[in-house]
Amino acid sequence: GESVGLHLPTLSVQEGDNSIINCAYSNSASDYFIWYKQESGKGPQFIIDIRSNMDKRQGQRVTVLLNKTVKHLSLQIAATQPGDSAVYFCAENHSGSWGKLQFGAGTQVVVTP
Amino acid sequence: SQTIHQWPATLVQPVGSPLSLECTVEGTSNPNLYWYRQAAGRGLQLLFYSVGIGQISSEVPQNLSASRPQDRQFILSSKKLLLSDSGFYLCAWSEQNTIYFGEGSWLTVV
């Protein structure tokens, strides 16, 4: 079936370095993608989104890249800080599924001093 | 601004007991509402979604049910809990495509 998945279950990053979290999706009809951050014991927080008519979008210290050719999504975090330690989920949907996001399994980001 | 409240935050329930988790959204009208479950170390699974009062769609067969008695209220229930119902339950809302989550409710069935 259609699925969204992450390549790396755990990513260890040194404080101050840039982080890159990857995500693959298989539904070619997907046209909207979101990255969420989930800290321990809390609900997921919206970070950034991107529509399929774009290949890059920037936020505060974060950049999302979308490669529709290979169905790949990535989240880049600049100058990673200890507060960035969390599980990061990518999610996708398409206009036909209307708001019913499909989530990947998540990547644990650990920021080391 | 919109806010979402979910309670209780934590509960421990015996097998066979009933369940009621409540969620309310403020600052918006006619939101789409969702219940997700997250097992430990796993991704999020959509359980129910609602596009309006009394309109509930179930995504997976299970021991749970949902109701939407008011526009901004969403309730997750069970008549008899199973051990497998343990997990982290998240209420969420959306107006367009982006879904915003509450803080979650930890349920442990013992």
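Heads up: these notes are all about the structure in this document. (Residues numbered from 1 in each chain as written. Chains lettered and ligands numbered in written order. Predicted model: local features only at pLDDT ≥ 70, side-chain atom pairs only at ≥ 80, totals over all residues. Heavy atoms only, no water.)

1. Focus on the pattern of salt bridges
Just so we agree on the cut-off: By convention in these notes, a salt bridge is any Lys or Arg side-chain nitrogen within 4 Å of a carboxyl oxygen on Asp or Glu. For each residue, the accessible area found with a 1.4 Å probe, counting protein chains only, is set against the maximum for its type, and the residue is called buried under 20%, exposed over 50%, and partly exposed in between.
Counted according to the given criterion, the structure contains 4 salt bridges over all chains. Taking the shortest distance from any N to any O, the salt bridge between Asp49(A) and Arg57(A) comes out at 2.2 Å. With relative accessibility at 12%, the residue Asp49(A) sits in the buried group. Of the charged contacts in the structure, one is a salt bridge between Arg68(B) and Asp71(B), with a shortest N-O distance of 3.3 Å. With relative accessibility at 2%, the residue Arg68(B) sits in the buried group. Judged by relative accessible area, which is 22%, Asp71(B) ranks as partly exposed.

2. Structural notes on the environment of Gly83(A)
Formally: Runs of H or I in DSSP of at least four residues are treated as helices and runs of E of at least two as strands, each being numbered from the N terminus.
Relative to the assigned elements, Gly83(A) resides in the loop between strand S8 (72–77) and strand S9 (86–93). Along the chain, Gly83(A) and Glu39(A) lie 44 residues apart, while their C-alpha atoms are 9.1 Å from each other.

3. A few points about the pairing of strand S3 (residues 19–26) of chain B
All names here are of chain B. Selection criterion: Only strands that DSSP links by at least two bridges are regarded as paired with each other.
Here S3 shows a clear split, with Leu19, Leu21, Cys23 and Val25 buried on one side and none of Ser20, Glu22, Thr24 and Glu26 buried on the other. The pairing of strand S1 (residues 3–7) with S3 spans 5 bridges and is classified as antiparallel. Bridge assignment links histidine 5 to a residue of S3, and that residue is threonine 24. Judged from the 6 bridges that link them, S3 and strand S8 (residues 73–78) form a sheet pairing that is antiparallel. Residue pairing across strands places cysteine 23 opposite phenylalanine 74, the latter belonging to S8.

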